[in-house]
Amino acid sequence: MTTPDHDQPQWTAVDTYFTDLIAPGDEALTAALADSKAAGLPEIAVAPNQGKLLNLLVATQGARNVLEIGTLGGYSTIWMARALPADGRLVTLEYSPAHAEVARANIARAGLAETVEVRVGAALDTLPLLEKEGAGPFDFVFVDADKVNNPHYVSWALKLSRPGTLIVVDNVVRNGKIATEHPDDPAITGTREMFDLIAREPRLDATAVQTVGTKGYDGLLLARVLR
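Small disclaimer: the values here were computed from a predicted structure and weren't measured. (Residues numbered from 1 in each chain as written. Predicted model: local features only at pLDDT ≥ 70, side-chain atom pairs only at ≥ 80, totals over all residues. Heavy atoms only, no water.)

1. Let's talk about the pattern of salt bridges
Under the convention used in this document: What counts as a salt bridge is simple: a side-chain nitrogen of Lys or Arg found within 4 Å of a carboxyl oxygen of Asp or Glu. The cut-offs for exposure are 20% and 50% of the maximum accessible area for each residue type, with area from a 1.4 Å probe on protein chains only; residues under the lower value are buried, those over the upper are exposed, and the others partly exposed.
Evaluation of the coordinates by the stated rule reveals eight salt bridges. R119 is paired through a salt bridge with E117; the nearest N and O atoms lie 2.8 Å apart. Since its relative accessible area comes to 32%, E117 is described here as partly exposed. The partner of R203 in a salt bridge is E201, and the shortest N-O contact between them spans 2.8 Å. With a relative accessible area of 34%, R203 lands in the partly exposed category. Classification of E201 by relative accessible area gives buried; the value is 14%. Each of E117, R119 and E133 takes part in one network of salt bridges that share partners.

2. Quick word on the packing of helix α7 (residues 150-159) against helix α8 (residues 186-200)
When two helices pack together, their arrangement is given by the angle between their axes and by how far apart the axes lie. Worth spelling out the cut-off: Each axis is a line fitted through C-alpha atoms, taken for helices only over the stretch in contact, and angles between the N-to-C directions span 0 to 180 degrees. Numbering of helices and strands starts at the N terminus; helices are DSSP runs of H or I of at least 4 residues and strands are runs of E of at least 2. Here, two residues are considered to be in contact whenever any of their heavy atoms come within 4.5 Å of each other.
The interhelical angle for the contact between α7 and α8, taken along N-to-C directions, is 35 degrees, at an axis separation of 7 Å. Note on element contacts: α8 touches α7 through G190, T191, E193, M194, L197 and I198, opposite N150, P151, V154 and S155.

3. Quick look at the pairing of strand β7 (residues 216-225)
Keep this limit in mind: One bridge is not enough; two strands pair if DSSP finds at least two bridges between them.
Where burial is concerned, most of β7 is hidden: eight out of the 10 residues are buried. Judged from the five bridges that link them, strand β5 (residues 166-170) and β7 form a sheet pairing that is antiparallel. Bridge assignment links V168 to a residue of β7, and that residue is L222. Where strand β6 (residues 204-213) lies against β7, 10 bridges are found, and the strand directions are antiparallel. In the sheet register, A208 faces β7, and the bridge partner there is L221.

4. What to know about the side chain of S161
Mapped onto the secondary structure, S161 falls in the loop between α7 and β5. The buried category is assigned to S161, whose relative accessible area is 15%. Non-local contacts of S161, meaning those with residues more than four positions away in its chain, are made with P137, F138 and V225.

5. Considerations on helix α6 (residues 123-133)
Think of an α-helix as turning once every 3.6 residues; residues three or four places apart then point the same way. Quick reminder of the rule: As used here, the arc belongs to the directions running from the helix axis to the C-beta atoms.
Taken together, the buried positions of α6 are occupied by A123, T126, L127 and L130. For α6, the angular spread of buried residues about the axis comes to 105 degrees, placing them on one side. Away from its buried face, by an angle of more than 90 degrees, α6 presents the exposed residues D125 and K132. Contacts from the buried residues of α6 go to β1 (65-69), β2 (89-94), β3 (116-120) and α7. Directly beyond the C-terminal end of α6, a positive phi value near 70 degrees is found at G134.

6. Details of the packing of helix α1 (residues 8-22) against helix α3 (residues 48-61)
The cut-off we apply is this: If an angle is under 35 degrees, it is roughly parallel; if it is over 145, roughly antiparallel; if it lies from 65 to 115, roughly perpendicular; otherwise it is oblique. The nonpolar class holds Ala, Val, Leu, Ile, Met, Phe, Trp, Tyr, Cys and Pro. Asp, Glu, Lys and Arg form the charged class, and all remaining residues, Gly among them, are polar.
The contact between α1 and α3 brings their axes to 9 Å, and the two run at 50 degrees. Regarding the angle of α1 to α3, the classification is oblique. Where α1 approaches α3, its residues D15, F18, T19 and I22 are matched on the opposing element by P48, N49 and K52. When grouped by side-chain class, the residues that make up the contact of α1 with α3 number three nonpolar, two polar and two charged.

7. Topic: helix α5 (residues 97-109)
Applicable threshold: Helices are assigned an expected span. That span is 1.5 Å times one less than the residue count.
Helix length check: α5, at 13 residues, gives a terminal C-alpha distance of 18 Å against a target of 18 Å (1.5 Å per residue), a fit within 8%. Those residues of α5 not exposed but buried are H99, A100, V102, A103, N106 and I107. Here the buried residues of α5 occupy an arc of 160 degrees about the axis, which is enough to place them on one side. Of the exposed residues in α5, those oriented more than 90 degrees away from the buried face are P97 and E101. Tucked inside the fold, the buried residues of α5 contact α2 (27-38), α4 (75-81), β2 and β3.

The following block contains the structure:
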């Protein structure tokens, strides 16, 4: 399943309209994207209006303790950390030491170094350490890392949550290919396994939405922890 290429300029124009009016960036956010690009990081950060959505979700949740799986250059991290109260904290997990170095600089420039902790290493290694340290429960979890491990990330998010925690997973539509019954892409297979896990997990109440915009055709999953 694909989408017409000619639709992309319109999607981008609409995103730009929304962003310019109600989700404008600032010097720290703009510099975070610019420095990430200059450092050679993949240009896969969330769109500005999606960053603002994360900001509003964290604020609406009244979150004080946020977990992010997949830091990249820290762009989404900054959006979420800005929604935290003065005593709030955000732990973000990044596989690549080079990406983490860029993220730390971006986060510090945004004045959030005391709020955000960047941990380096494979998330499936660092998540058990968080559990051992008693770092949770987290009020809000954002998953935006390698898609093959999505079911494992959601399982860990549930372990580190409390009743009422909101879990958000990015890039779950994959240009519509999520509906392919026998995909040959491990990222899609992993995401489908995540959906299967959530569908049979009585502790999660979830939905997913399709999105279009500057990032093309994709979508988000939102799941609330019930108990």
